[in-house]
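Per-entry structural report
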Amino acid sequence: MEHIRLPKAENVRLLNRLSPRRSCVGTLYLTATHSIYVESETQVRSETWVLHSLICRLEKQVNTSTGSPLLIHCKNFQVLHFVFPQEQDCVHIQASLQRLSQPEQYEELYCFSYKPNVDEAERKEEWSFLNLKAEYRRLGIPNSLWKSSPVNQSYKVSDTYPAELYVPESATQQVIVGSSKFRSRGRFPTLSYYCKDNQAAICRSSQPLSGFSARCLEDEQLLEAIRRSNPRSDFMYVVDTRPKLNAIANRAAGKGYENEDHYSNIKFQFISIENIHVMRSSQQKMLDVCELRTPSMANFLEGLEGSGWLKHIKAVLDAGVFVAKAISEEGASVLVHCSDGWDRTAQVCSVACVLLEPYYRSLKGLMVLIEREWVSFGHKFSHRCNHLDGDSKEVSPVMDQFLECVWQLTEQFPCAFEFNERFLIAVHHHMYACQYGNFVGNNQRERLRDKTHSLWKHLWDTRGDYINPLYRTDNCQSQGVLRPSTAPYCFKFWSGLYNRFDRGMHPRQSVEDYLMAVREETVQLEEQLASHKEVRGHSVTHETILPHHFTFLAGTPQDYSGGFIASSPCQQRSPVDGLAFTPPQNQTSEADLSVGSEQESGIADVSFNSQLSEEGPGEPDPDDAAYSAA
Amino acid sequence: MEFAELIKTPRVDGVVLHRPFMPTVEGTLCLTGHHLILSSRQDNTEELWLLHSNIDSIEKRFLGSLGTIIVKCKDLRMIQLDIPGMEECLNIGSSIEALSTLDSVSLMYPYFYRPMFEVIEDGWNSFLPEDAFKDLEAMTDEWRLSEVNRDFRVCTTYPPLVAVPRDVDDDTLRKAAGFRHGGRFPVLSYYHKKNGMVMMRSGQPLTGTNGRRCKEDERLINATLRPGKRGYVIDTRTISVAQQAKARGGGFETEANYPQWRRIHKAIERSNVLQDSLVKLVEACNDQSHSMDRWLSKLEASNWQTHVKEILTTACLAAQCIDREGASVLVHGTEGTDSTLQVTSLAQIILDPACRTIQGFQGLVEREWLQAGHPFAQRCSMSAYSNSKPRHEAPGFLLFLDCVWQVLRQFPCSFQFTEQLLVLLFEHAYASQFGTFLGNSAAERVRLSLPEKTVSLWSWVNRPQEIDHLSNPLYEPNSLVIWPSVAPQSLLLWEGVFLRWNRSPRCQEEAHEEMVHIIEYNKELQNKVNSLRRQLAQLETQEPPLQTP
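Residues numbered from 1 in each chain as written. Chains lettered and ligands numbered in written order. Predicted model: local features only at pLDDT ≥ 70, side-chain atom pairs only at ≥ 80, totals over all residues. Heavy atoms only, no water.

- For chain B, an unreviewed UniProt entry supplies the name Myotubularin related protein 9 and the organism Gadus morhua.
- You can read under Sequence similarities (unreviewed entry) in the UniProt record for chain B the words "Belongs to the protein-tyrosine phosphatase family. Non-receptor class myotubularin subfamily." (UniProt positions renumbered as here; feature names shortened; annotations may be inferred.)

- Under an unreviewed UniProt entry, chain A has the name Myotubularin related protein 7a and belongs to Gadus morhua.
- Per UniProt, the comment on chain A under Sequence similarities (unreviewed entry) is "Belongs to the protein-tyrosine phosphatase family. Non-receptor class myotubularin subfamily."

1. Some points on the overall build of chain B
- Broken down by element type, chain B carries 19 helices and 14 strands.
- Whereas a compact globule of 549 residues would reach a radius of gyration of roughly 24 Å, chain B reaches 26 Å, a difference of no more than 12%.
- Seen through its C-alpha atoms, chain B measures out along the principal axes to roughly 95 × 80 × 50 Å.
- Buried positions account for 60% of the 549 residues belonging to chain B.
- Within chain B, contacts between residues separated by at least 24 positions form 69% of all contacts whose residues are at least 6 apart in sequence. (Helix = DSSP H or I, 4+ residues; strand = E, 2+ residues; numbered from the N terminus. Rg over C-alpha atoms; globule rule 2.2 N^0.38 Å. Buried < 20%, exposed > 50% of the residue type's maximum accessible area, 1.4 Å probe, protein only. Contact = heavy atoms within 4.5 Å.)

2. As for the overall build of chain A
- The secondary structure content of chain A amounts to 19 helices and 14 strands.
- Buried positions account for 61% of the 630 residues belonging to chain A.
- Looking at chain A alone, contacts between residues at least 24 apart form 71% of all its contacts between residues at least 6 apart.
- With an accessible surface of roughly 24,200 Å², chain A has 49% of that area assigned to carbon and sulfur atoms. (Areas by Shrake-Rupley, 256 points an atom, 1.4 Å probe, with all protein chains shown as cover.)

3. A look at the UniProt feature "active site" (unreviewed entry) in chain A
Residues and elements named next belong to chain A.
- Mapped onto the present numbering, the UniProt feature "active site" (unreviewed entry) falls at C338.
- Within the element layout of this structure, C338 appears in the loop between β14 (333-337) and α10 (344-356).
- For C338, the residues in contact, after removing those within four places along its chain, are S205, S206, Q207, D240, T241, R242, D343, R344 and T345.

4. Quick notes on the UniProt feature "domain: Myotubularin phosphatase" (unreviewed entry) in chain B
- Taken from the UniProt record, the annotation "domain: Myotubularin phosphatase" (unreviewed entry) applies to residues 123-498 of chain B.
- Taken end to end, residues 123-498 of chain B comprises 44% helix and 9% strand; its first and last C-alpha atoms sit 29 Å apart.

5. Describing helix α13 (residues 398-412) of chain A
- Under the 1.5 Å per step criterion, the end-to-end length of α13 of chain A is 22 Å for 15 residues, consistent within 8% with the ideal 21 Å.
- Taken across its 15 residues, α13 of chain A has 14 buried, putting it largely inside the fold. (Expected span 1.5 Å × (residues − 1).)

6. Considerations on the environment of C353 of chain A
All names here are of chain A.
- Structurally, C353 is set in helix α10.
- On the accessibility criterion, C353 (0% relative accessible area) is buried.
- Placed 160 residues apart in sequence, C353 and Y193 show a C-alpha to C-alpha distance of 7.3 Å.

7. Notes on the confidence of the model for chain B
- Per-residue confidence for chain B averages 94 on the pLDDT scale, and 99% of its residues sit at or above 70.
- Here the predicted complex scores 0.91 on pTM and 0.94 on ipTM. (pLDDT = per-residue confidence, 0-100.)

8. Topic: the environment of S277 of chain B
- Tracing the backbone through its elements, the reader meets S277 of chain B in helix α6 (residues 271-285).
- A relative accessible area of 2% means that S277 of chain B is categorised as buried.

9. Remarks on the packing of aromatic side chains
- All chains considered together, the criterion is met by 48 aromatic pairs over all chains.
- Each ring, one from Y193 of chain A and one from Y360 of chain A, has its centre 6.1 Å from the other, and the planes form 70°; the classification is edge-to-face. Of this pair, Y193 of chain A sits in strand β10 (residues 190-194) while Y360 of chain A sits in the loop between α10 and α11 (363-376), and the two are 167 residues apart along the sequence.
- Taking 5.0 Å as the distance between ring centres and 80° as the angle between the ring planes, the aromatic pair formed by F376 of chain B and F397 of chain B counts as edge-to-face. Of the two residues, F376 of chain B sits in helix α11 (residues 376-379) while F397 of chain B sits in helix α12 (residues 396-410), which places them 21 residues apart along the sequence.
- Judged by its relative accessible area of 2%, F397 of chain B falls in the buried class. (Phe/Tyr/Trp six-rings, centres within 6.5 Å; stacked < 30°, edge-to-face > 60°.)

10. As for empty space enclosed by the protein
Residue and element names in this part refer to chain B.
- Under the defined criterion, the tally for this structure stands at eight cavities of 30 Å³ or more.
- Of the voids in this model, the largest cavity is the one considered here, and its volume is about 170 Å³.
- Surrounding the largest cavity, 19 residues form its lining, E269, R270, S271, D338 and S339 being those nearest its centre.
- Taken together, the elements giving at least two residues each to the lining of the largest cavity come down to α6 and α9 (339-351).
- Per element, the largest residue contribution to the lining of the largest cavity is three residues, and it comes from α9.
- Residue composition of the lining of the largest cavity, grouped by class: three nonpolar, ten polar and six charged. (1 Å grid on protein atoms, 1.4 Å probe; cavity = no way out; pocket = protein on both sides within 12 Å on 5 of 7 lines; lining within 4 Å. Points joined across faces, edges and corners; volume = space filled by probe spheres on them. Nonpolar A, V, L, I, M, F, W, Y, C, P; charged D, E, K, R; others polar.)

11. Digging into the side chain of T28 of chain B
All names here are of chain B.
- Of note, T28 is situated in strand β2 (residues 22-31).
- In terms of polar contacts, T28 uses its side chain to reach the side chain of D13, at 2.9 Å.
- Among all residues touching T28, those that are not within four sequence positions of it are R11, V12, D13, I37, L38, S39 and R41. (Polar contact = N/O pair within 3.5 Å; in protein donor to acceptor, adjacent residues only side chain to side chain.)

12. Some details on the sheet that holds β14 of chain A
Residues and elements named next belong to chain A.
- A sheet is described by the order of its strands in space; here five strands give the open sequence β10-β11-β14-β12-β13, paired in mixed fashion. Of all the strands in the sheet, the pair left with one neighbour each is β10 and β13 (266-270). The average angle at which neighbouring strand axes cross in this sheet is 25°, direction not considered.
- Docked against the sheet, α10 engages β10, β11 (201-205) and β14, running at close to 165° with respect to β11. (Pairing = 2+ DSSP bridges. Axes fitted to C-alpha atoms, helices over the stretch in contact; angles between N-to-C directions.)

13. Some points on the nonpolar core
- F402 of chain A together with F361 and F498 of chain B are the most contacted members of the largest nonpolar core, which has 230 residues in total.
- Top contributing element to this core by residue count: helix α9 (residues 309-328) of chain A, with twelve residues.
- Ignoring any residue separated from it by four or fewer positions in sequence, one finds F361 of chain B in contact with I349, A354, C355, F400, L401, V404, F417, L421, L422 and L425 of chain B.
- Grouped together as the second largest cluster of nonpolar side chains are 29 residues, V154, Y158, C214 and V233 of chain B included. (Core = buried A, V, L, I, M, F, W, Y, C linked by side-chain atoms within 4.5 Å.)

14. Topic: the pattern of salt bridges
- If you walk through the whole model with that rule in mind, you get 59 salt bridges over all chains.
- Notably, a salt bridge pairs E147 of chain B with R150 of chain B, separated by 3.6 Å at the nearest N-O pair.
- The class of E147 of chain B is partly exposed, set by a relative accessible area of 42%.
- In this structure, D338 of chain B and R379 of chain B form a salt bridge, with 2.7 Å as the shortest nitrogen-oxygen distance. You can see D338 of chain B sitting in the loop between β14 (328-332) and α9 and its partner R379 of chain B sitting in helix α11, a full 41 residues away along the chain.
- Taking relative accessible area as the criterion, D338 of chain B reaches 14% and is therefore assigned buried.
- Linked by salt bridges that have partners in common, E135, R138, R204, E357, R372 and E373 of chain A make up one network. (Salt bridge = Lys/Arg side-chain N within 4 Å of Asp/Glu carboxyl O.)

Below, the structure is given as structure tokens:
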């Protein structure tokens, strides 16, 4: 609490970025974990909660005549635009939030103060919901080809690897330890996924410390052992997921990639996925495009292209497809690595798994996959998601990209996934929110699970929200290997995530929600029919339960006029102008008339006695979105 | 018949056909007057029947004595025919070229086509203006049907019957017609029952450089305003384009002469720009380079999505003026036969739930496109692959369908039809066995005796099995105005048309089947429960007499 310089600021305006007429006035309260904004002029109490751990950037803008603006950018892509009447308030709030959103130690994170009504035994039980040992057993491991290795039991061989690892049956302790010394951060080649059907395996590691000429007998032996663990294939792939130039540059630092001449029977392949810095800046550019006020189609498409974001998504998916093909079509094992083996490697291995095995397209399967490939194998969540005040160069949307790859696949294969888009967004949200302990810390050794709760159990308990109604296990899309097209036109912009809070941009009726409601009703009907005998004699008061609200989300128009009709966003094009904004009660057309009149072309103003303002503030309004009528 | 001389080689054996996402077929290729047919002459293999009029262009390639013809269709499909023998290939190629570019309308297939199905309702009579007017009469007495254009003399592109304000006589209409481009005087397009506001459309006023005015025109459109109310003129052109039009005798309504009207200019592009955009878009979709940057930059450079956004935005604006601002609207561009119709028809989709039904949508297409004089024959004579220089070609109707698809995607439960109806209309507008889209106007359709000599597309569509196929399982009538989002993030590329032949439709079909299954199963159970309930109710009514002593 000592970080809160000002617990409460009054008469703060919250601007609606896309339709200014929906802006409001209220009070902002700061608590230890959340900022809570309460609108003051509505009949129905309306609150906006912002979790401090979700705040990624505070942007104080130049004062205007109406006050001091403060933009809060959140990691879940929400942007809140506050205007404080007192500059002093703004400064204090900013300083408080700056500190509150960047704790210095794990213990300050929200997961340590989040206490749902669950007793300690149950809390512990939550953590056993997912069991990786059971997952490997499901894959048929250990077996005669692969064994569990105790070598990293106390994290001595690699402090970023999990304690429980699986290696080829023939790999001795000495070979493993030898190989680990020849790999960055001791991350030696180890099993990621095993294909029961044809015994091909995906293994993962970090780059070899080969420099220009170094070699390591044990490392060569370990790769040979991996190849032999797949008796049906006489070669294996080694996939370096970096661009060739980057890998070559690493040789100068004593790192690098495998020399085909030194390893027997390997096929070496580069797959260019860019590094975390490129991805970070690409995402920022894409978000800048998303936040444009009234972009034209050309602005948007140019910006999207310029950001390179979809190009990177395609690169990750292409890499996954390559690995999945090697496993399923060539029956060859694959070793995947990048530099440290915790970013691109995790992406490629997990995308390949989703393509290869239907189980990973189920709700629980995807959880297990994330737990194995990302959490246990040491994806540095706390660094990448900036959980603590740290090096901003460590931040990167690597996991975002994996989730987006899965989303792109759900668009191509609408019946193949048990979960829906909401599930992917929920995982994304919680990765950053730190409400649960799952993603806190950078590797298994660091993870603090003894006081926190587990997200997976929570998502499982609320799985009703996350089910894709079109999913059927007996469908041909849900079975076997997915073969997506990765032609550029197959990739869509994921507005559901990146414009998540601009609700007006999304379809107003959800096919999925509609079908879920129908299915729910179907279940009730089935029950009714089953219990028909018991019901007989009673008066049946079953009513059609179809959710009619889905079909009545027509809402209100947006601004299509480019500034002719009252209160259009176009009159307030720049952020600074956006503040020259009259209080909502006067926000009818008269207030704006003079602004909108006689634009360049002798076009008349529109003196609407606007019916737009007739909607009561309490009325649910599905589309307060942007009109970009430039 | 006269086609025989165009067919140099009527038949070739051993031709191999490659189609996207279908197995290759080897068989005999036959050319008839109207079709290219490939048949394997085996049972259970699908034959290809392709209308010559669907062929946009062909490309010939030779490898030794094996010739290959790539046939590029107006529905954007590309098929490949491997033809043994160079001479045969050349002959087939030139025959196709000749047959697919016949000039005379009366040689077109619809004049030869005999329906293989039972015509339940003659589509030529399904959407008569007098019937539509009956609905209007039930709502208001402020409008009348005028026969001023009975013989197409006042306006060659209008139908014989048009709805105009009750208090305006035919003489006024004639004079107003003289002041409007192509004689297209302002007529009623849509009456908004909720508040009595209307949408009208017309050609541009012929003000010219010296600001000509026409009292009758002013009187005509002012007659549509309620006392003390203002209206909006939505000019689909930018102000500078409208200014330039003055030099050619056109122009726009000035404030001085139309004080009760406020003018808004939008920027919907003209025909040749749109055609160019379509060609570029389709070229981008067929680019096999697999580079994301190249795809996005080509997509952007085609400007197609920009046009979609502009048209939809303008339609939303018109709808907003009517429904939210309680004002009447007059829409026009230059001729009033292209962008004007895009705007007026889309605004009705947004405002009027009736237009979102299968029948209602056909009625809208008939009223706002066919009867309103969109020159289909000129606009749709070539599609995206044609090599010849475009004259009057433009994908205005396709853009309209694309915009409808965008709204349908945003309101997937509010339309009685699926995307399939839109795709079907796109196909038939460019090539069809039906006469519906032949000709450029109502007058031409009469002159060509289309209703007597050809079958209407609506006759075919409005059969139970076809309706079934086009029905949206998610449909729940929605009586509200539906306001779509026009943010760039909300407007997607219409895959159903532009990527239709680039990717297998299987996954989407499966999803659709599953959707239908979920809903059908629900209905089945509902019926069961209802019938049980009825039985129960019967039993209950029978029981009491037994209980009472």
